[in-house]
Amino acid sequence: MLDRENLAQDELDFFIKGNLSLEKSKRKKPYLWIYDQSWEDCVRLSRDFSQFATLLDDIEHNEQAWKKWFDSDAPEQEEHFPMEYGQRCTAFQNLMLLRCFRVDRIYLAITQYVTKIMGDQFVTPPVIHFEAIWEQSTPLSPIIFILSPGSDPTTDLLKLAERTEFGVGKVKLLAMGQGQEKIAINLMEQAVSRGYWLMLQNCHLLVKWLVELEKHLDKLAKPHPDFRLWLTTEPTPKFPIGILQRSLKVVTEPPNGLKLNLRNTYFKIPGQAFNDCPSDAFQSLVFVLAFFHAVVQERRKYDKIGWNVSYDFNESDFRVCMQILDTYLSKAVANNDPKIPWGSLKYLIGEVMYGGRAIDDFDRRVLRTYMDEYMGDFIFDTFQPYYFHRTEDVAYYIPTANQEQASAAGLPIKETALEYIESLPLTNTPEVFGLNPNAEIGYYTKSARDMWEQLIELQPQSGEATGGMSRDEYIDNTADDILKRIPSEYNTTKVWKKFGGEAISPTSVVLLQELDRFNNLTMTMSKSLTTLRRALKGEVGMSNELDDLSRALYNGQLPPMWRRLTPATKKNLATWMDHFLRRNRLYSGWIDDGEPNVVWLSGLHIPESYLTALVQATCRKNGWPLDKSTLYTQVTQWETQEDVNERAHQGCFVTGLYLEGASWDVHRSCLTRQKPKVLIQELPVMKVIPIESHKLKLQNTFRCPVYVTSDRRNAMGVGLVFEADLATHEHISKWVLQGVCLILNTD
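Numbering of residues starts from 1 in each chain and follows the order in which that chain's sequence is written. Where totals are concerned, whole chains, interfaces and linings use all residues; where local detail is concerned, this predicted model gives features only for residues with pLDDT of at least 70, and gives and counts side-chain atom pairs only at 80 or more. Excluded from the side-chain calculation are hydrogens and water; included are all heavy atoms of the structure.

Caption draft 1: Representation of the overall build of the protein within the structure. Within the protein, the regular secondary structure consists of 28 helices and 18 strands. Its C-alpha atoms give the protein principal-axis dimensions of roughly 80 × 65 × 60 Å. Contacts are assigned to residue pairs that have any heavy atoms within 4.5 Å of one another. Across the protein, contacts joining residues at least 24 apart in sequence account for 72% of those joining residues at least 6 apart. In these tables, accessible area is a Shrake-Rupley quantity obtained with a 1.4 Å probe, and a residue counts as shielded only by the protein chains included in the view. Just so you have it, the protein exposes about 36100 Å², and 50% of that area is on carbon and sulfur atoms. Within the protein, the 97 negative side-chain charges are centred at a point lying 5 Å from the centre of the 83 positive side-chain charges. Helical segments are the DSSP runs of H or I of at least four residues, strand segments are the runs of E of at least two, and each set is numbered from the N terminus. Here the positive residues are Lys and Arg and the negative ones are Asp and Glu; neither His nor the chain ends is included. Charged side chains are reduced to one point each, which is NZ for Lys, CZ for Arg, CG for Asp and CD for Glu.

Caption draft 2: View of the nonpolar core. Counting 138 residues, the largest nonpolar core has Y354 and W562 as its most contacted members. Sequence-distant contacts of W562, defined by excluding residues within four places in its chain, comprise I482, L521, T524, M525, S528, L529, L549, L553, L573 and W576. Grouped together as the second largest cluster of nonpolar side chains are 40 residues, W39, M96, L97 and M451 included. We define the nonpolar core as a collection of buried residues of types Ala, Val, Leu, Ile, Met, Phe, Trp, Tyr and Cys that are connected through side-chain atoms lying within 4.5 Å of one another. Relative accessibility thresholds used throughout: buried, under 20% of the residue-type maximum; exposed, over 50%; partly exposed, between the two (1.4 Å probe, protein chains only).

Caption draft 3: Representation of the sheet that holds strand β5 (residues 248-252) within the structure. At least two bridges found by DSSP between two strands is the condition for calling them paired. On the basis of which strands lie adjacent, the open sheet formed by five strands has the order β2-β3-β4-β1-β5 and parallel pairing. Edge strands, defined here as strands with exactly one partner in the open sheet, are β2 (171-175) and β5. Taking the axes of each pair of neighbouring strands and ignoring which way they run, one obtains an average angle of 20° across the sheet. For every element, the axis is a line fit to its C-alpha atoms; helices are fit only across the contacting stretch, and the angle between N-to-C directions ranges from 0 to 180 degrees. Seen against the sheet, helix α10 (residues 181-194) touches β2 and β3 (197-201) and runs at an angle of roughly 160° to β3.

Caption draft 4: Here's a closer look at helix α9 (residues 154-163). Taken as a whole, α9 has its buried residues at T154, T155, L157, L160 and A161. Trailing α9 by a residue or two, E165 shows a phi angle of about 60°, which is positive.

Caption draft 5: Geometry of the sheet that holds strand β14 (residues 680-682). With mixed pairing, five strands are arranged side by side in an open sheet as β14-β11-β18-β16-β17. In this open sheet, the two edge strands, each paired with only one partner strand, are β14 and β17 (720-727). Taking each pair of neighbouring strands and ignoring which way they run, the sheet shows an average axis angle of 30°. Sheet analysis places strand β11 (residues 658-660) next to strand β18 (residues 741-743), joined by three bridges and oriented antiparallel. Paired with Y658 across the bridge in β18 is I743. Packed on one face of the sheet, helix α18 (residues 361-374) meets β16 (701-707) and β17 and runs near 145° to β16.

Caption draft 6: Here's a closer look at the packing of aromatic side chains. Only the six-membered ring of Trp is used, alongside the rings of Phe and Tyr, when aromatic pairs are assigned; centres must lie within 6.5 Å, and planes under 30 degrees apart are stacked while those over 60 apart are edge-to-face, with the rest tilted. A full pass over the atoms with the stated rule returns 50 aromatic pairs. Ring geometry for W576 versus F580: centroids 5.3 Å apart, planes at 20°, classification stacked. On the criterion of helical spacing, the pair formed by W576 and F580 is a turn pair, its members being four residues apart in helix α26 (residues 573-593). Taken individually, W576 and F580 each receive the classification buried, so the pair is uniform in this respect. One residue, R88, lies across the ring of Y85, its end atom 4.1 Å from the ring centre. Working rule: Lys NZ or Arg CZ, within 6 Å of ring centre, within 35 degrees of ring normal, means a charge sits over the ring. When the ring centre of F166 is taken as reference, the NZ or CZ atom of K170 above it lies at 4.7 Å.

Caption draft 7: Representation of the packing of helix α15 (residues 282-298) against α18 in the model. One way to put it is that α15 packs onto α18 with a least axis distance of 11 Å and a crossing angle of 150°. Comparing the axis directions of α15 and α18 gives the class roughly antiparallel. Seen from above, α15 lies across α18 with right-handed handedness. Facing V288, F291, F292, V295 and V296 of α15, the residues of α18 in contact are L367, Y370, M371 and Y374. Of the residues belonging to the contact of α15 with α18, the class tally is nine nonpolar, no polar and no charged. Each angle is binned into one of four classes, with values under 35 degrees roughly parallel, values over 145 roughly antiparallel, values of 65 to 115 roughly perpendicular, and all other values oblique. Crossings are classed by handedness, with left-handed meaning an anticlockwise turn of the near helix from the far one by less than a right angle and right-handed meaning a clockwise turn. Under the scheme applied here, ten amino acids are nonpolar (Ala, Val, Leu, Ile, Met, Phe, Trp, Tyr, Cys and Pro), four are charged (Asp, Glu, Lys and Arg), and all others, including Gly, are polar.

Caption draft 8: Highlighting the domain arrangement of the protein. Domain start and stop positions are those given by an automatic or database domain assignment. According to the domain assignment, the protein consists of domain 1 (9-120), domain 2 (130-252), domain 3 (290-328 + 342-437), domain 4 (469-595) and domain 5 (598-746). With centres defined by C-alpha atoms, the gap from domain 2 to domain 4 works out at 50 Å.

Caption draft 9: Here's a closer look at the environment of S526. Within the fold, S526 resides in helix α23 (residues 506-537). On the basis of relative accessibility, which here comes to 26%, the residue S526 falls in the partly exposed class. Taking the C-alpha atoms as reference, S526 lies 42 Å from Y311; in sequence the two are 215 residues apart. Among all residues touching S526, those that are not within four sequence positions of it are L483 and I486.

Caption draft 10: Just helix α24 (residues 544-555), in detail. Expected helix span is taken as 1.5 Å per residue step, with the number of steps being one fewer than the number of residues. With 12 residues, α24 should reach 16 Å at 1.5 Å per residue; the first-to-last C-alpha distance of 17 Å fits that figure. Within the span of α24, buried status applies to L546, L549, S550, A552, L553, Y554 and N555. Residues of α24 that are buried in the fold lie against α1 (9-17), α20 (438-458), α21 (471-485), α23, α25 (560-563) and α26. Remark: G556 follows α24 within two positions and exhibits a positive phi of approximately 70°.

Caption draft 11: Up close: the pattern of salt bridges. Take a side-chain nitrogen of Lys or Arg and a carboxyl oxygen of Asp or Glu: if they are within 4 Å of each other, that pair is a salt bridge. Tallying each qualifying case throughout the model produces 39 salt bridges. A salt bridge links D476 to R533; the nearest nitrogen and oxygen atoms lie 2.9 Å apart. Linking D476 in helix α21 with R533 in helix α23, this pair joins segments that are 57 residues apart in sequence. Using a relative accessible area of 18% as the deciding quantity, one classes D476 as buried.

Caption draft 12: Highlighting the side chain of S710. Assignment of secondary structure puts S710 in the loop between β16 and β17. Discounting chain neighbours no more than four positions away, the residues touching S710 are K304, K570, E660, I743, N745 and D747.

Caption draft 13: Spotlight on the environment of T154. Structurally, the position occupied by T154 is in helix α9. For T154, a relative accessible area of 9% gives the class buried. When the C-alpha positions of T154 and L244 are compared, they lie 20 Å apart, and in sequence the two are 90 residues distant. The contacts of T154, once residues within four sequence positions are left out, are L173, M199 and Q201.

Caption draft 14: Representation of unusual backbone geometry within the structure. Residue E84 is not a glycine yet carries a positive backbone phi of 60°. Within the secondary structure layout, E84 lies in the loop between α4 (63-71) and α5 (85-88). For E84, a relative accessible area of 54% corresponds to the exposed category. Even without a glycine there, the phi angle at S669 is positive, about 55°. Mapped onto the fold, S669 is located in the loop between β12 (663-665) and β13 (670-672).

Caption draft 15: Examining the environment of G603 more closely. Within the secondary structure, G603 is located in the loop between β8 (598-600) and α27 (607-622). You can call G603 buried: its relative accessible area is 0%. Separated by 105 residues in the primary sequence, G603 and K498 place their C-alpha atoms 22 Å from one another. Ignoring sequence-local partners within four residues, the contact set of G603 consists of E514, R583, L586 and Y587.

Below you can see the structure in the form of structure tokens.
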């Protein structure tokens, strides 16, 4: 599009980067509903682009029009832009304006823009036809399935063998893993000579061995004409390029949306299976299981608010759980036991089969909650029919167990369920899964940010920066600006003596550890920026690390060599610098005035060490055993740290916590439903109190995980700080399914 001159480079730069300035604008935002970064973006838009010269005044003098647009459901539509900006600007300039206010609509707006400019073939994914893949393939070209979580082409391959009358018996399957290398080679030699289809699954687990496979493929001279090699792998950069070049690549994705997922699951269940089990409850429980299976897969779409770790729940989980239902219900009928063994079923399905994949405790809590919500005698209650979710427009229920909803008479069980599934809407709200409607906004916002990150990587690393200066001048100015802000090194020996020397308290030890890490960071920043400025002048050579540093400064990102020495963050360079300078103020205030009344927890490199020190100090003071002590929390009425006018007699006050997935009602002191479009809310000052474990008795309390960033916890368990206790007047399951958590750093 740049080539066609539909788009200027400076417009594209603004769209993918926004306002990167480290200096905040002198003109303050006129209204509270405008985000700080949104206003900074608007300032740059009005300064650098003539079409938006009057933008700031327009916003200030026409609040009602702009607020109405900001709150609208589809602000990307041209006719919805306020003050005729939609008509005055080009389609791409409208995207630039939308970026300032509604990042969550960018992903859909880009799709709309590409369709308008280039055609819908660039945004519509192709439909996979296995027959077409088979016809295009040859014995010498493997077919590689690049898997998305939840997709499994094995069943479709076996059905293809049936449809083409090739025969399922001539399809050989092998799941790759340690020790399978020789078996795979033997099977391949057999398949090559006899004309079998061989599928090697999960090749990403043995990437090094694939080099051996490549050598065997090179040696193939005259394979049997029916021979085909099918490989499945997750995306991995280490996959041998030689195999990729000679193969057909197929990207598989699970059905998108609850309806398509349910339909896909039901199509694959043989009709006879519903009659094999003698229990009357079996058909209904299969639907519950299919609904649960669709829900846990669809939750992945909402990223970290759905699951901390993205799990590969797939068709085999469903099939085994269906077998478990059949076994246990048949046994109950054989023993003349009218009771359904809910405890065993919930444990085997939620904890063993699906829960066996979950490596995160809070993800397992979500699975257990779904089991409690979906499985029990209440689903067969005739007086109060059970609904998974119900609104004025659509009701999600069990078609074979709901007396209120009449199904067509005389249809077999599978057809009854399929007829109901076809009546469901194609798209669904996050509320069906127990999530807040805002979860969708979070999903689209993250999609837009990921897209911008990838576009930044694709940009040419040369040419002019903004304002007519060269790229090197821009980087040099930014480096100089940061160097002026870096504080001097702290004298930790002096601080150690000031806080008691050998008799230093546990919390003061934490301060010293923090200062050591902060000194390490400031020294690295000063040294790297000074060397970079010399490299730009040609005085020293440009290393790979300096090249990464210059690229990060140019793109307004946090340089990798600094990121390694700083607390985990998702901030860009400008917002990270604000955070960095605030950390410096926290440490200098602590040194000058003693331990603060309210500790800014987000400013500590390792916040959990401060909380551990707090418990340690209290145990020393009261003579408690350390291993039998813990923490509990209370949210106070003070909304900011400036409001706090006392020191905690026991424990401490902390601030810098942000609530995601719910809101906090200050007057009732409890969790409440999120407001529309408000994804996170700063929590009032929290009191952290050490206590002996046996004395802790809490009621109406939600155990809420506290994470460092919105990335929450990764598969290695990194990211969790502690668990807070938040008061609730509603059932805890609501907050579990909504993915409620506290984070220490906003993005």
